[in-house]
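Here is how the chains run, residue by residue.
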Amino acid sequence: MVGEAALMPEAGAPALLTVEHLTMRFGGLTAIDDVTFTAQNRQITGVIGPNGAGKTTLFNCITGFYKPTVGRLTLQAPNRPTYLLEQMEGFKIGQQAHVARTFQNIRLFTGMSVLENLMVAQHNKLMKASGMTFLGLFGVPSYNRAEREARDLAVHWLERVNLKHLADEPAGSLPYGAQRRLEIARAMCTDPVLLCLDEPAAGLNPRESGELNALLRSIRDDLGIGVLLIEHDMSVVMQICDHIVVLDYGRKIADGVPAEIRADPAVIRAYLGEEEAE
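Only a predicted model underlies this, so the values are computations on that prediction, with no experimental measurement involved.

Colleague: Quick question: what am I supposed to make of the pairing of strand E3 (residues 44–48) here?
Modeller: Strand residues, when the strand is regular, have side chains that alternate between the two faces of the sheet. Where burial is concerned, most of E3 is hidden: five out of the five residues are buried. Of the pairings in the sheet, the one linking E3 to strand E9 (residues 243–248) comprises four bridges and is parallel in character. When the sheet's bridge partners are listed, Gly46 is paired in E9 with Ile244.

Below, the structure written as structure tokens:
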């Protein structure tokens, strides 16, 4: 078990993400109902709950796919501007606020190589270096430098997820677990301050889940990045999360450290399952 003292945010430091009274309605259906919680920098925050609890809708609000009906989403990363995500256009949440996301259904560019997938993730950076024109075609030194840096970063992440030897292979030819790791590497190439992962352990075998746990711990501990994840695999959630938020029918029913969540009667009834009486 990782020492809790090393993972505590600095005293007085604001939360990385503050979700306040978030509500999302679709016509007469309330998918998220007055949810409030915080996610800290340098911590892994898990969001769990039964199917239909509103977890993916929550992610869609944070990452700009949906505009919340009500609520405030404040991103306050160290040494960066503060952003009110609910007021931003969706594409700017990734581009300016540096919130990165992976999806439950893998969304790689399957016909591109493994390396090319990580270069595409840095498109905005390279376009800026080109002056938003065709300067890259003319060998402008500033663009060439940016391209080298982008390639170096891509190779760095391929090494970290143990895929460098497959850099030239089509991304669609990778085994399922390797595609999961590649998707996380691609997200990390966008220089995120908050990494949002939608069921990253889905479909993984125990060995691959263990590799995923190690990767996410290294992102938290070595890079100091906040991670927010949706996950059904309790072996992942309970082993790596510093904090867990539990949703049921769109409402928050629990919020605390893993030991508190594991023992919470409401969570046991709604999600973890009650023990049968002997």
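Having put the structure on the table, let's press on.
Colleague: Honestly, the pairing of strand E1 (residues 17–26) in this entry has me stumped. Any pointers?
Modeller: Pairing of E1 with strand E2 (residues 29–39), which is carried by seven bridges, proceeds in the antiparallel orientation. Among the inter-strand pairings, Thr18 is bridged to a residue of E2, identified as Thr38. The turn joining E1 and E2, which pair antiparallel and follow one another in sequence, is formed by two residues; a positive phi near 65 degrees is taken by Gly27.

Colleague: Sorry, what's going on with the sheet that holds E3 here?
Modeller: Here six strands make up an open sheet; going across it, the order is E6-E7-E8-E3-E9-E10 and the pairing mixed. In this open sheet, the two strands that pair with only one neighbour each are strand E6 (99–102) and strand E10 (251–256). With strand direction ignored, the average angle separating the axes of adjacent strands in the sheet is 15 degrees. Two elements, E3 and strand E8 (residues 226–230), share four bridges in a ladder whose sense is parallel. Directly across from Gly46, in E8, lies its bridge partner Leu229. The sheet strands contacting helix H7 (residues 176–188) are E6 and strand E7 (194–198), and the helix crosses E7 at an angle near 155 degrees. Packing of helix H8 (residues 206–223) onto the sheet brings it into contact with E3, E7 and E8, and relative to E3 it is tilted by some 135 degrees.

Colleague: Hey, could you run me through unusual backbone geometry in this one?
Modeller: In this structure, Asp34 takes a positive phi of about 55 degrees despite not being glycine. Looking at the element boundaries, Asp34 is found in strand E2.

Criteria and thresholds
Residues numbered from 1 in each chain as written. Predicted model: local features only at pLDDT ≥ 70, side-chain atom pairs only at ≥ 80, totals over all residues. Heavy atoms only, no water. Buried < 20%, exposed > 50% of the residue type's maximum accessible area, 1.4 Å probe, protein only. Helix = DSSP H or I, 4+ residues; strand = E, 2+ residues; numbered from the N terminus. Pairing = 2+ DSSP bridges. Axes fitted to C-alpha atoms, helices over the stretch in contact; angles between N-to-C directions. Contact = heavy atoms within 4.5 Å.

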